[in-house]
Every structure is written in C-alpha cells, then in structure tokens.
Amino acid sequence: MSVTVLAPATVANMVCGFDVLGFALAEPADTMHLRLTDTPGVTIINEDEFDLPTEPTRNVAGGALLALLREAPGVGIEVRINKAIRPGSGIGSSAASAAGAVVGANALLDNRFNKEDLVRFAMFGEEVASGVQHADNIAPCLYGGVTLIRSTAPLDIVPLPTPPLWVTVVHPQIEVKTADARAILKRQVALPAAIRQWGNVGGLVAGLCLQDYDLIGRSLEDYIVEPVRSILIPGFAEVKAASREAGALGGGISGSGPSIFMLSREEATARAVAAAMQSVYDRLGIEQFTYVTRMNTEGVRVVAQP
C-alpha cells in the first residue's frame, strides 16, 4: 500500500500569539510519498536538494513517525520527501514534514488515529528541529485555516474562523534556525508588556471571529518576541513600514523568521505589498522569494491512495 500527501506551509505566532496561534498557506507545499514495508521501523528517502538527515531520530518526519509507531508496533513505513518549503525559511518546513508524515501513515493504517493524536505525534518532529514540542505550525498544518493552541498539556486545539484574507510572504535568502531564534528570547516579561500582548491576542481572535478587519490590523502588534527576533532579519522594520504604506492590514515575523508575512483584504493590495517588500530587499542587495497566496482551509491533503 502507498499514499501521497501534500503538506502546506504555515505561519506561526500571527505576530502576538507566540506558540499559540498559526494558519496554513495555500502554497507552497511539500509532497510526500509513503508506503508500508515488511521491515518494522522508519525509512526516509530525500528527493530534493536539501540533504536533510535520513536517520529517523535526526529527521523531523522520522521523529514524528517513530512517535506514531510506538502506538502501532510492528509496522514498517518508508517515506519519500520532496520539499518545496525550504528548511529554515520560517514558514513551517519542519511542521510540514512532521504533519505530512503522520497523516500519510495514518491513511495507510486505515485512519486509526484522530487529529489530536496526529498533532501529538507530529510535535515530536518539532522537538527534533528545535528541542521544544510546540504546535503553532503543526496544528494549522493538520487542521487547515487558523488555529488556537489553548494548551499543549493537555492538548487543546481550537479551530478559528478563517476570513477571506490574502497573504503576502517574503523570504529573504538568509537562514534563521528555530533553535537559535528561541534561544535569544527573554525568560521574563514585564507585566505592562504582557497586558498589552494579552489584549492583542484577544483582539486578534475576536477580529477573526467577527471578520472585523480593522480590529485584526490593530491587534497585529507584538511587544514581547518581535522586538528581540527582528534584529536577526535585515530590513525588517523597512519591510513592515513599506507594507503598511502599500495597504496591508498588518503582519510581522513568520514563525522564527526570516520570512515576513502581511495580511491584506484584496489580491491587488497583497500584490502591491509584495512589490514593496521586493523593493526593500532589492535596495539592500538581498535575494528573496515572495509568495502571494490565500489561507489553506484543508490542511494536509491526501492526493493519491489505493
């Protein structure tokens, strides 16, 4: 038996919702082919140029599959991975590998596990990547749309309404490793900053539920993580200012960076934002990729199955 899945890119944090908010993108997406084998365990084959580890304990897809197989002993799974989401891009490359792997494996096992189980397994893949089990990329990758991770212990995933927004993402061609971006964060937060942050998280969730675009825009501010992480991303402040001037509702760092995302109400605005982002990096002499896309409301999708 074999199965093919598409695992989408994701944007984690949504500016103010560090480790608790995220959404899935319509593109790009990784392609993964999985099949059952006669030999128990996990076999990983890379079909892209990124030369990621194939030892299951050192690969995010492998870590997720090993967690799943602890509850499905005796099963052997081979996974072939063709990544369109560049590792270290800040748009959920590791989450796509982990989530896509467990969805494909679950399809091969007659869907014996529910989505919360799959999130739980895939978080072990994120631990391989960053040393921490977090679900703000995993949950939207699996559920689609916008998700709130109310808790990871116990796991409590809340799918949120997904307004018809356009997303512009610029990926400057530098690498920011998730583990490094987490290591520089402060361990203590001043109460006034925390209060402002809680207000923005509540405002953003309310704005999504009400489709109140002005409230969404006002709430896309981060007083805790962005001021620290933005120093790792050349041109960040310029990109953010230029995007606002082009009509974006708002945005910020995608995950741990270096990608930057912006939300817009209309496609024309999203494309104007892309041009503004490109102009900044052209002036700085930094190569970049830019995506103009929508939110993906499906999540990981099985596209071929016996």
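Now for a look at the structure at hand. (Residues numbered from 1 in each chain as written. Predicted model: local features only at pLDDT ≥ 70, side-chain atom pairs only at ≥ 80, totals over all residues. Heavy atoms only, no water.)

**Points about the nonpolar core**
Here comes step 1: By size, the foremost hydrophobic cluster in this structure holds 72 residues, and its most contacted members are F23, L68, V119 and L263.
Here comes step 2: Counting residues per element, this core draws most heavily on helix α2 (residues 93-108), which supplies 10 residues.
Here comes step 3: What F23 contacts, discounting residues up to four positions off in sequence, is T10, V11, M14, P140, G145, V146, V167, F261, L263 and M295.
Here comes step 4: Residues I233, V239, V280 and Y281 belong to the second largest nonpolar core, which totals 15 residues. (Core = buried A, V, L, I, M, F, W, Y, C linked by side-chain atoms within 4.5 Å. Buried < 20%, exposed > 50% of the residue type's maximum accessible area, 1.4 Å probe, protein only. Helix = DSSP H or I, 4+ residues; strand = E, 2+ residues; numbered from the N terminus. Contact = heavy atoms within 4.5 Å.)

**Focus: the layout of surface pockets**
Here comes step 1: In this structure, the second largest pocket occupies an estimated 190 Å³ of space.
Here comes step 2: Among the elements that make up the lining of the second largest pocket, the one with the highest residue count is helix α5 (residues 178-183) (3 residues).
Here comes step 3: Here the residues of the lining of the second largest pocket are counted per class, giving 8 nonpolar, 2 polar and 3 charged. (1 Å grid on protein atoms, 1.4 Å probe; cavity = no way out; pocket = protein on both sides within 12 Å on 5 of 7 lines; lining within 4 Å. Points joined across faces, edges and corners; volume = space filled by probe spheres on them. Nonpolar A, V, L, I, M, F, W, Y, C, P; charged D, E, K, R; others polar.)

**Section: the pattern of salt bridges**
Here comes step 1: The full count for this structure, using the stated rule, is 13 salt bridges.
Here comes step 2: The salt bridge involving R244 is made with E221; its shortest N-O contact spans 3.3 Å. Of this pair, R244 sits in helix α9 (residues 236-245) while E221 sits in the loop between α7 (213-219) and α8 (226-229); the two residues are 23 residues apart in sequence, bridging distant segments of the chain.
Here comes step 3: R244 sits in the partly exposed class, given a relative accessible area of 32%.
Here comes step 4: Classification of E221 as partly exposed rests on a relative accessible area of 25%. (Salt bridge = Lys/Arg side-chain N within 4 Å of Asp/Glu carboxyl O.)

**A look at the environment of A84**
Here comes step 1: Positionally, A84 belongs in the loop between β4 (76-82) and α2.
Here comes step 2: Residues A84 and A72, spaced 12 residues apart in sequence, show a C-alpha to C-alpha distance of 29 Å.

**Considerations on the environment of V176**
Here comes step 1: Mapping V176 onto the fold places it in the loop between β7 (166-172) and α5.
Here comes step 2: V176 sits 71 residues away from A105 along the chain, and the two C-alpha atoms are 30 Å apart.
Here comes step 3: Leave out the neighbours within four places in its chain, and V176 touches G88, A181, L232, S256, G257 and P258.

**Regarding the sheet that holds strand β10 (residues 288-294)**
What links the strands of a sheet is backbone hydrogen bonding, and the strands pair in either a parallel or an antiparallel sense.
Here comes step 1: Spatial ordering of the open sheet is given by β8-β9-β7-β10, a layout of 4 strands whose pairing is antiparallel. Bordering the open sheet on either side are β8 (250-253) and β10, each of which pairs with just one other strand. Each strand axis lies, on average, 15° off the axis of its neighbour in the sheet, ignoring direction.
Here comes step 2: Strand direction decides the pairing type here: β7 and strand β9 (residues 260-264), joined by 5 bridges, are antiparallel. Looking at β9, one finds that V169 is bridged to F261.
Here comes step 3: Here helix α10 (residues 267-284) sits on the sheet and contacts β7, β9 and β10; the angle it forms with β7, its principal contact strand, is near 15°. (Pairing = 2+ DSSP bridges. Axes fitted to C-alpha atoms, helices over the stretch in contact; angles between N-to-C directions.)

**Brief notes about empty space enclosed by the protein**
Here comes step 1: Per the counting criterion, the structure on display carries 2 cavities of 30 Å³ or more.
Here comes step 2: Its boundaries defined by the atoms lining it, the largest cavity holds a volume of some 70 Å³.
Here comes step 3: Around the largest cavity, the lining residues are N13, V15, F18, D222, V225, E226, R229, I253 and G255.
Here comes step 4: Its residues assigned to classes, the lining of the largest cavity comprises 4 nonpolar, 2 polar and 3 charged.
Here comes step 5: Within this model, the second largest cavity holds a volume of roughly 30 Å³.
Here comes step 6: As for the second largest cavity, its lining consists of N46, L52, N59, V60, A61, I81, K83 and S97.
Here comes step 7: When the residues that make up the lining of the second largest cavity are grouped by side-chain class, the tally is 4 nonpolar, 3 polar and 1 charged.

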